[in-house]
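Each chain, written out:
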Amino acid sequence: MSSVFWPYSSKLESGRVQRRPPLLWLIIILALTLTGGLELGATLRSPGQRMHSELAGAAADLQSVMPIVRSDAMLVQLRRHFREHDASIDATHWPVVLVTLHHLDGSTCRDAADKVRRIEGPVVIELERYRAADECHDDNEMTWRIMP
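Bear in mind the structure is a predicted one, so any value in this text is a computation, not a measurement. Throughout, residues of each chain are indexed from 1 in the direction in which the sequence is written. Residue-level local features of this predicted model are given only where pLDDT is at least 70; pairs of side-chain atoms are given and counted only at 80 or more, and the full residue set underlies all totals for whole chains, interfaces and linings. Water and hydrogen atoms play no part in the side-chain values, which are based on all heavy atoms of the structure.

### Here we look at the overall build of the protein chain
In DSSP terms, a helix is any run of H or I states spanning at least four residues, a strand is any run of E spanning at least two, and both are numbered starting from the N terminus. The helix and strand inventory of the protein chain stands at four helices and seven strands. The order of α-helices and β-strands along the protein chain, N terminus first, is β-β-α-α-α-β-β-α-β-β-β. Across the 148 residues that make up the protein chain, the buried fraction comes to 31%. Residue contacts follow a heavy-atom distance rule, with two residues in contact if any of their heavy atoms lie within 4.5 Å. Summarising the internal contacts of the protein chain: among those between residues at least 6 apart in sequence, 50% fall at separations of at least 24. Partly exposed describes any residue whose relative accessible area lies between the buried limit of under 20% and the exposed limit of over 50%, with all areas from a 1.4 Å probe on protein chains only and scaled to the type maximum.

Put into structure tokens, the structure is as follows:
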């Protein structure tokens, strides 16, 4: 049995096996469980709920940089909120920013039109067009106006 390796034990010079608490293993298991739980939670949310979080995060970033002048770095930071989507950011009418999500399927479009039509707060987010679910098709481009 001396050839068996236990990651949380070691053999003393006297030949006895000393058990160490598997604290490192416990920490690793907890970290993996937490990470897996967060990923699972994100995948269980509907597309509309995920878009709501993405748009709210972008609005919070915009609020934190107001009244600073528009910059490429700020636009890159906003774009990072939409990693799951083919998105474009238009800040030509600064401080109003337009976020367009391209190639959304009909189901995602209907969910977003239902859950992310308008978000009130210090920065208002409002969906352009798509006032009814029947306006959604197989391939959609949805644009939100983010306004301070």
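### Some points on the confidence of the model for the protein chain
Values of pLDDT, which run from 0 to 100, indicate the predictor's confidence residue by residue. Looking at the protein chain as a whole, the pLDDT averages 79, with 74% of positions reaching at least 70. Across the protein chain, the secondary-structure element scoring lowest on mean pLDDT is strand β1 (residues 9-11), at 55, and the one scoring highest is strand β4 (residues 97-104), at 94.

### Remarks on helix α4 (residues 106-115)
Every buried residue of α4 is listed here: Gly-106, Thr-108, Cys-109, Asp-111, Ala-112 and Ala-113. What qualifies as a polar contact is a pair of N or O atoms within 3.5 Å, subject to a donor-acceptor requirement within protein and to the restriction that residues adjacent in sequence count only when both atoms come from side chains. Two to three positions downstream of the cap, the backbone nitrogen of Ser-107 sits 3.0 Å from a side-chain oxygen, assigning the N-cap of α4 to Asp-105.

### Some thoughts on helix α3 (residues 72-79)
Turning to α3, its buried residues number three or more, namely Met-74, Leu-75 and Leu-78. For α3, the angular spread of the buried residues around the axis is 100°, confining them to a single face. Every exposed residue of α3 that faces more than 90 degrees away from the buried side is listed here: Asp-72 and Ala-73. As used here, the arc is the angular range of directions from the helix axis to the C-beta atoms.

### With respect to the sheet that holds strand β6 (residues 124-128)
Here, a strand pair is defined by DSSP locating no fewer than two bridges between the strands. Taken together, the five strands give an open sheet; going across it, the order is β3-β4-β7-β6-β5, and neighbouring strands pair in antiparallel fashion. Each edge of the open sheet carries a strand with a single partner, namely β3 (86-90) and β5 (118-119). Inspection of the sheet shows β5 paired to β6 by two bridges, in the antiparallel sense. If you follow Ile-119 over to β6, its bridge partner there is Ile-125. Throughout, an axis means a line fitted to C-alpha atoms (over the contacting stretch in the case of helices), and angles, computed between N-to-C directions, take values from 0 to 180 degrees. The strands touched by α4 are β4, β6 and β7 (140-147); relative to β7, the strand with the most contacts, the crossing angle is about 25°.

### Considerations on the environment of Ala-59
On the secondary structure map, Ala-59 appears in helix α2 (residues 47-65). Between the C-alpha atoms of Ala-59 and Pro-148, which are 89 residues apart in sequence, the distance is 8.4 Å. Excluding residues within four positions of it along the chain, Ala-59 makes contact with Val-123, Ile-125 and Ile-146.

### Here we look at the side chain of His-85
Note on placement: His-85 falls in the loop between α3 and β3. Taking the relative accessible area as the measure of exposure, His-85 reaches 13% and is therefore buried. Of the polar contacts made by the side chain of His-85, one reaches the side chain of Glu-54; its length is 3.2 Å.

### Brief notes about the nonpolar core
Take the buried residues of types Ala, Val, Leu, Ile, Met, Phe, Trp, Tyr and Cys, join any two whose side-chain atoms come within 4.5 Å, and each joined set is a nonpolar core. Core analysis: the largest hydrophobic core is formed by 28 residues, its most contacted members being Leu-55, Leu-101, Met-142, Trp-144 and Ile-146. Elements with a contribution of two residues or more to this core: α2, α3, β4, α4, β6 and β7. With five residues, the top contributor of residues to this core is α2. Those residues within four positions of Leu-55 in sequence are excluded, and the remaining contacts are Phe-82, Val-99, Val-116, Ile-119, Ile-125, Trp-144 and Ile-146.

### A short note on the pairing of β7
By the bridge criterion, six bridges tie β4 to β7 in an arrangement that is antiparallel. Looking across to β7, one finds that Val-97 is bridged to Ile-146. As paired strands, β6 and β7 are joined by five bridges and run antiparallel to one another. Within β7, the position partnered with Glu-128 by the bridge is Thr-143.

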